[in-house]
Amino acid sequence: MTKDKVLIFDTTLRDGEQSPGATMTHAEKLEIAELLDDMGVDIIEAGFPIASEGDFNAVSEIAKRAKRATICGLARANYKDIDRCWDAVKHAASPRIHTFIGTSPLHRAIPNLDMDQMAERIHDTVTHARNLCDNVQWSPMDATRTEWDYLCRVVEIAIKAGATTINIPDTVGYTAPAESADLIKRLIATVPGADDVIFATHCHNDLGMATANSLAAVIGGARQIECTINGLGERAGNTALEEVVMALKIRGDIMPYETGIDTRKIMNISRRVATVSGFAVQFNKAIVGKNAFAHESGIHQDGMLKNAETFEIMRPEDVGLSGTSLPLGKHSGRAALRAKLAALGFDLADNQLNDVFVRFKDLADRKKEVFDDDLMALVYQNESGE
Ligand code: KIV
Ligand code: ZN
């Protein structure tokens, strides 16, 4: 079956860095951009060039160094932002300007523009961006709380003014999956010229639905997902790159779309982003959490030792891990203990294993995890009859 391609637009260095406390240094940004480029991200949103001298320099340098990815910068809906953005991204072999304005009633009130004035601003700024760059993305911020008729109107204006990608942000993580799919589907069916552009989805995770909403948007017709490594981003974060990419890989049976991501590079970049941003990954985070491929309970460990598919729907190697981990704790059983001891070079007779197992359970009741050194000590104690 030929699969439609879904473009991966990574905004770790822009929306991700907007997380309070996640600021990265210039060198760290260059390193992350190189890893993103190398793993096959299609578009890297490298920063917000007008925001600071540092952001401008980082975007310019990333643009100069990128080997494969399109390099994008963010700009508000004014000429000064757009010019500054272009000055930074123009060094890339494939540059993109991403300009946006808040279109919902709450957001229209901020610059105090009425609907017509805002429509005119969108027309003028997208036209200006397109005169500089032939790859222009436009976003109606807070699209999911914008009136339907007005959303159609401004999307049409942006397309006519030359936008090549229309991004539909769920800025405050308000939408739900069925609605997300429906919104994109209806926009594509309704807005003149929609077939000539790519629709993108940009979801935030305030209700924990960012990944589901992004995938639903793809089912509705979006062909670009905006996301960040580890789901880094404002408040509860953005859609996590590793989640949407692995969901599309594993559930190709119901979502026949492909990405260009080399998934084996996921774990390394996840760890680097956690380190440089200072945002540790929660243990039970999908795909990249410490426990995502770990099994402690006896039933699960026994199953895993017999057939890894019993409790794993993806191979740890496919996300860059060397294998499954079977940490030993109080829920673990004899099979995992025997396997662990064998890996440590101990081949115990059944009665010896039984003795060590009793000591192991006793220790595990007092300790969260029993490590290799603990086990070796238990075996030696057993041998010396202590
Ligand atoms: O969440 C949002 O609406 C954004 C826009 C700037 C695209 O990040
Ligand atoms: Zn955002």
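Read on for an overview of the structure.

## Notes on the coordination of the zinc ion (ligand 2)
Move 1: Around the zinc ion (ligand 2), the protein contributes the donor atoms Asp 15 (OD), His 202 (NE2) and His 204 (NE2), at 2.0 to 2.1 Å from the metal centre.
Move 2: Counting the intervening residues between successive donors of the zinc ion (ligand 2) yields the motif D-x186-H-x1-H. Highlighted residues: Asp 15 in helix α1 (residues 12-16) and His 202 in strand β8 (residues 198-203), separated in sequence by 187 residues.

## Some thoughts on the packing of helix α13 (residues 334-343) against helix α14 (residues 350-366)
Move 1: Here α13 crosses α14 at 110°, and the two axes come no closer than 11 Å. Accordingly, the angle class assigned to the pair α13 and α14 is roughly perpendicular. Only Asp 350, Leu 353, Asn 354, Val 356, Phe 357 and Phe 360 of α14 make contact with α13, whose side of the interface consists of Arg 334, Leu 337, Arg 338 and Leu 341.
Move 2: Grouping the constituent residues of the contact of α13 with α14 by class yields 6 nonpolar, 1 polar and 3 charged.

## Quick look at the state of the cysteines
Move 1: Throughout the structure, instances matching the rule amount to 0 disulfides.
Move 2: In this structure Cys 133 is a free cysteine whose sulfur lies 8.1 Å from that of Cys 85, the closest cysteine sulfur available.
Move 3: You can see Cys 152 has no disulfide; the closest cysteine sulfur is in Cys 203, sitting 18 Å from it.

## Quick notes on helix α3 (residues 53-65)
Move 1: In a regular helix each residue adds 1.5 Å, so 13 residues correspond to 18 Å; α3 covers 18 Å between its end C-alpha atoms and thus fits that length.
Move 2: The elements touched by buried residues of α3 are α1, α2 (26-39), β3 (43-47), β4 (70-76) and α4 (79-89).

## Considering the packing of α14 against helix α15 (residues 372-384)
Move 1: Where α14 contacts α15, the two axes come as close as 10 Å, and the packing angle between them is 130°. Comparing the axis directions of α14 and α15 gives the class oblique. Where α14 crosses over α15, the two elements pack in a sense that is right-handed. Touching Gln 352, Asp 355, Val 356, Arg 359, Phe 360 and Leu 363 of α14 are Asp 374, Leu 375, Leu 378, Val 379, Gln 381 and Asn 382, all from α15.
Move 2: Split into classes, the residues belonging to the contact of α14 with α15 amount to 6 nonpolar, 3 polar and 3 charged.

## Overview of the pattern of salt bridges
Where charged atoms from two side chains of opposite charge come close, those side chains can pair.
Move 1: One pass over the full model with this rule turns up 29 salt bridges.
Move 2: In this structure, the salt-bridge partner of Arg 145 is Asp 142, at a minimum N-O distance of 3.0 Å.
Move 3: Residue Arg 145 is classed as partly exposed on the basis of its relative accessible area, which comes to 31%.
Move 4: On the accessibility criterion, Asp 142 (0% relative accessible area) is buried.
Move 5: Measuring nitrogen to oxygen at the nearest pair gives 3.1 Å for the salt bridge that ties Asp 182 to Arg 186. Here the residue Asp 182 and the residue Arg 186 both occupy positions in helix α8 (residues 177-190), the gap between them amounting to 4 residues, near one helical turn.
Move 6: Residue Asp 182 is classed as partly exposed on the basis of its relative accessible area of 36%.

What counts as what
- Residues numbered from 1 in each chain as written.
- Chains lettered and ligands numbered in written order.
- Predicted model: local features only at pLDDT ≥ 70, side-chain atom pairs only at ≥ 80, totals over all residues.
- Heavy atoms only, no water.
- Donors = N, O, S within 2.8 Å, 3.2 Å for Na, K, Ca; no water.
- Helix = DSSP H or I, 4+ residues; strand = E, 2+ residues; numbered from the N terminus.
- Axes fitted to C-alpha atoms, helices over the stretch in contact; angles between N-to-C directions.
- Parallel < 35°, antiparallel > 145°, perpendicular 65-115°, else oblique.
- Contact = heavy atoms within 4.5 Å.
- Nonpolar A, V, L, I, M, F, W, Y, C, P; charged D, E, K, R; others polar.
- Disulfide = S-S within 2.5 Å.
- Expected span 1.5 Å × (residues − 1).
- Left-handed = near helix turned anticlockwise from the far one by under 90°.
- Salt bridge = Lys/Arg side-chain N within 4 Å of Asp/Glu carboxyl O.
- Buried < 20%, exposed > 50% of the residue type's maximum accessible area, 1.4 Å probe, protein only.

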